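Fold and geometry: a report
One letter stands for each residue in the lines below.
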Amino acid sequence: MCDVARPLNVFGRVFNAGYRRLAAGTLVPNTAEDQRGFVSALFASLAPISARIRP
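Reference entry: report on the structure contained in this document.

Definitions and limits used
Residues numbered from 1 in each chain as written. Predicted model: local features only at pLDDT ≥ 70, side-chain atom pairs only at ≥ 80, totals over all residues. Heavy atoms only, no water. Helix = DSSP H or I, 4+ residues; strand = E, 2+ residues; numbered from the N terminus. Rg over C-alpha atoms; globule rule 2.2 N^0.38 Å. Buried < 20%, exposed > 50% of the residue type's maximum accessible area, 1.4 Å probe, protein only. Areas by Shrake-Rupley, 256 points an atom, 1.4 Å probe, with all protein chains shown as cover. Expected span 1.5 Å × (residues − 1). Bend = angle between axes of the 7 residues up to and from the residue. Patch = residues over 30% accessible without salt bridge, like charges linked within 9 Å, V, L, I, M, F, W, Y side chains within 5 Å. Salt bridge = Lys/Arg side-chain N within 4 Å of Asp/Glu carboxyl O. Contact = heavy atoms within 4.5 Å.

Helix and strand counts for the chain come out as two helices and zero strands. In terms of C-alpha radius of gyration, the chain reaches 16 Å, well past the compact-globule figure of 10 Å for 55 residues. Here the chain holds 55 residues, and the buried ones make up 9% of them. Carbon and sulfur atoms make up 66% of the accessible area of the chain, which totals about 5100 Å².

Below you can see the structure in the form of C-alpha coordinates.
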(Lines give C-alpha, C1' and ligand atoms only; values in the text may rest on other atoms or scores of the structure.)
Protein backbone atom coordinates (compact mmCIF):
# COMPACT_ATOMS: atom_id res chain seq x y z
CA MET A 1 0.00 0.00 0.00
CA CYS A 2 1.28 3.44 -0.87
CA ASP A 3 0.01 6.85 0.25
CA VAL A 4 0.91 9.68 -2.07
CA ALA A 5 0.34 13.22 -0.79
CA ARG A 6 -1.74 15.19 -3.26
CA PRO A 7 -4.24 18.05 -3.08
CA LEU A 8 -7.60 16.86 -1.72
CA ASN A 9 -10.89 18.50 -0.90
CA VAL A 10 -11.97 18.76 2.75
CA PHE A 11 -13.78 15.39 2.74
CA GLY A 12 -10.73 13.67 1.26
CA ARG A 13 -8.40 15.18 3.87
CA VAL A 14 -10.70 14.15 6.73
CA PHE A 15 -11.10 10.63 5.35
CA ASN A 16 -7.34 10.27 4.79
CA ALA A 17 -6.57 11.47 8.35
CA GLY A 18 -9.07 8.98 9.81
CA TYR A 19 -7.66 6.15 7.73
CA ARG A 20 -4.11 6.98 8.82
CA ARG A 21 -5.17 6.88 12.49
CA LEU A 22 -6.94 3.55 11.97
CA ALA A 23 -3.90 2.06 10.24
CA ALA A 24 -1.57 3.32 12.98
CA GLY A 25 -3.90 1.95 15.67
CA THR A 26 -3.95 -1.56 14.29
CA LEU A 27 -0.17 -2.11 14.19
CA VAL A 28 0.79 -5.59 15.36
CA PRO A 29 4.36 -6.08 16.59
CA ASN A 30 6.47 -8.63 14.72
CA THR A 31 9.42 -8.41 17.11
CA ALA A 32 9.88 -7.29 20.71
CA GLU A 33 11.17 -3.89 19.56
CA ASP A 34 8.12 -3.10 17.42
CA GLN A 35 5.41 -0.83 18.74
CA ARG A 36 1.82 -1.99 19.18
CA GLY A 37 -1.08 0.13 17.97
CA PHE A 38 -3.70 1.33 20.45
CA VAL A 39 -6.46 -0.84 18.95
CA SER A 40 -4.22 -3.91 19.06
CA ALA A 41 -3.23 -3.15 22.66
CA LEU A 42 -6.87 -2.71 23.66
CA PHE A 43 -7.83 -5.99 21.99
CA ALA A 44 -4.90 -7.81 23.62
CA SER A 45 -6.09 -6.70 27.05
CA LEU A 46 -9.78 -7.48 26.40
CA ALA A 47 -9.36 -10.83 24.61
CA PRO A 48 -8.70 -12.89 27.79
CA ILE A 49 -11.74 -11.36 29.48
CA SER A 50 -13.88 -12.08 26.43
CA ALA A 51 -12.62 -15.68 26.31
CA ARG A 52 -13.68 -16.26 29.93
CA ILE A 53 -17.15 -14.79 29.33
CA ARG A 54 -17.93 -16.88 26.27
CA PRO A 55 -19.09 -20.45 26.87
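Once the structure has been displayed, the description carries forward.
Another point: helix α2 (residues 38–53). Taking 1.5 Å of rise per residue, 16 residues should cover 22 Å, and α2 covers 23 Å from first to last C-alpha, within 8% of that figure. Along α2, the largest kink reaches about 35° and is centred on Leu-46; proline Pro-48 follows within four residues of it.

Take Asn-30: it is sitting in the loop between α1 (10–25) and α2. With a relative accessible area of 72%, Asn-30 lands in the exposed category. For the pair Asn-30 and Arg-13, spaced 17 residues apart in sequence, the C-alpha separation works out to 30 Å.

To continue, consider a nonpolar patch on the surface. Taken together, the side chains of Met-1, Phe-11, Phe-15, Tyr-19 and Leu-22 present a nonpolar region at the surface, about 690 Å² in accessible area. Tracing the chain through its elements places Phe-11 in helix α1. Accessibility expressed as a relative area gives 64% for Phe-11, which makes it exposed.

An α-helix turns once every 3.6 residues. As a result, residues three or four positions apart point the same way. Between its terminal C-alpha atoms α1 stretches 23 Å, which fits the 22 Å expected from 16 residues at 1.5 Å a residue. Residues Gly-12, Asn-16 and Gly-25 constitute the buried set of α1. Residues of α1 that are buried make contact with α2.

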